[in-house]
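Chain by chain, the residues run as shown.
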Amino acid sequence: MTGRHVVSVETLMLRANTDSEWAYRHATAVPAPGETPDQAARRVSGIPADAPSTVVHSTSWRCHPEGEIVLTYAVCPDPEPWLPAIDLPMLEIVAGDAPATPAPGRVEVANVVAHAIRHLAFLTTEDPVVRQALAHHPEIITALDQPQRCVTAP
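A brief report on the enclosed structure follows. (Residues numbered from 1 in each chain as written. Predicted model: local features only at pLDDT ≥ 70, side-chain atom pairs only at ≥ 80, totals over all residues. Heavy atoms only, no water.)

### Some remarks on the pairing of strand S2 (residues 22-29)
- Strand direction decides the pairing type here: strand S1 (residues 6-16) and S2, joined by eight bridges, are antiparallel. Residue pairing in the sheet places Ala 16 in a bridge with Trp 22 of S2.
- Hairpin remark: S1 followed by S2, antiparallel, with five residues in the connecting loop; positive phi at Ser 20, about 65 degrees. (Pairing = 2+ DSSP bridges. Helix = DSSP H or I, 4+ residues; strand = E, 2+ residues; numbered from the N terminus.)

As structure tokens, this is what we get:
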């Protein structure tokens, strides 16, 4: 992909159980012609634009060396919680080595999920739309209030 950037949409469908433990499903898609990244995230997760109690939120982006730009969306709660998911007992946050070098040396999907969960926790206190949507899911609100499960990776 010389000199060309391809945008892909990474969608993380998040769920929390009654013990405040997180799990996620992961899907990636390229937006169809004329489709926005928001629309692609909703398509992949099966969420209509007028869903009143599911949050679809752009939470991060990263660029791969070959030129792919990955836009990450958190979808919470997972609209299909009966499907198999990956358990995430600890939220491992990664960061760059210095203030002017924000990109971490390595980023795994689990790290992106941890970042998305931390971002949603922030939004529940700062964004009334997110707070109102997630208020329908007490297990999500309880899990978002568990910062002790968040660690910073070396």
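Now that the structure has been shown, we can carry on.
### Re the pattern of salt bridges
- Across all of its chains, the model carries six salt bridges by this definition.
- Arg 25 is the partner of Asp 78 in a salt bridge, and the nearest nitrogen-oxygen pair spans 2.8 Å. With Asp 78 in the loop between strand S4 (68-76) and strand S5 (86-88) and Arg 25 in strand S2, this pair connects stretches of sequence that are 53 residues apart.
- Relative accessible area serves as the criterion here: at 5%, Asp 78 is assigned to the buried category.
- Taking relative accessible area as the criterion, Arg 25 reaches 13% and is therefore assigned buried. (Salt bridge = Lys/Arg side-chain N within 4 Å of Asp/Glu carboxyl O. Buried < 20%, exposed > 50% of the residue type's maximum accessible area, 1.4 Å probe, protein only.)

### Concerning helix H1 (residues 37-45)
- For H1, the set of buried residues is Ala 40, Ala 41 and Ser 45. Within H1, the buried residues cover an arc of 120 degrees as seen down the axis, which keeps them to one side.
- Each element contacted by the buried residues of H1 is listed here: S1, strand S3 (55-63) and S4.
- Positive phi shows up at Gly 46, right after H1, with a value of about 75 degrees. (Arc of directions from axis to C-beta. Contact = heavy atoms within 4.5 Å.)

### Overview of the nonpolar core
- Core analysis: the biggest nonpolar cluster contains 25 residues, and Leu 14, Trp 22, Ile 117, Leu 120 and Leu 144 have the highest contact counts within it.
- Elements with a minimum of two residues in this core: S1, S2, S4, strand S6 (91-93), helix H2 (109-126), helix H3 (128-134) and helix H4 (138-144).
- By residue number, the principal contributor to this core is H2, which donates eight residues.
- Every residue in contact with Leu 144, bar those within four places of it in the chain, is listed here: Trp 22, Ile 117, Leu 120, Ala 121, Thr 124 and Leu 134. (Core = buried A, V, L, I, M, F, W, Y, C linked by side-chain atoms within 4.5 Å.)

### Digging into the sheet that holds S4
- Overall, mixed pairing links the five strands, which are arranged S3-S4-S1-S2-S5 in an open sheet. The strands lining the two open edges of the sheet, one partner per strand, are S3 and S5. Here the average twist between neighbouring strands, direction ignored, is 30 degrees.
- Looking at chain direction, S1 and S4 are connected through eight bridges and run parallel. What sits directly across from Leu 12, in S4, is Ala 74. (Axes fitted to C-alpha atoms, helices over the stretch in contact; angles between N-to-C directions.)

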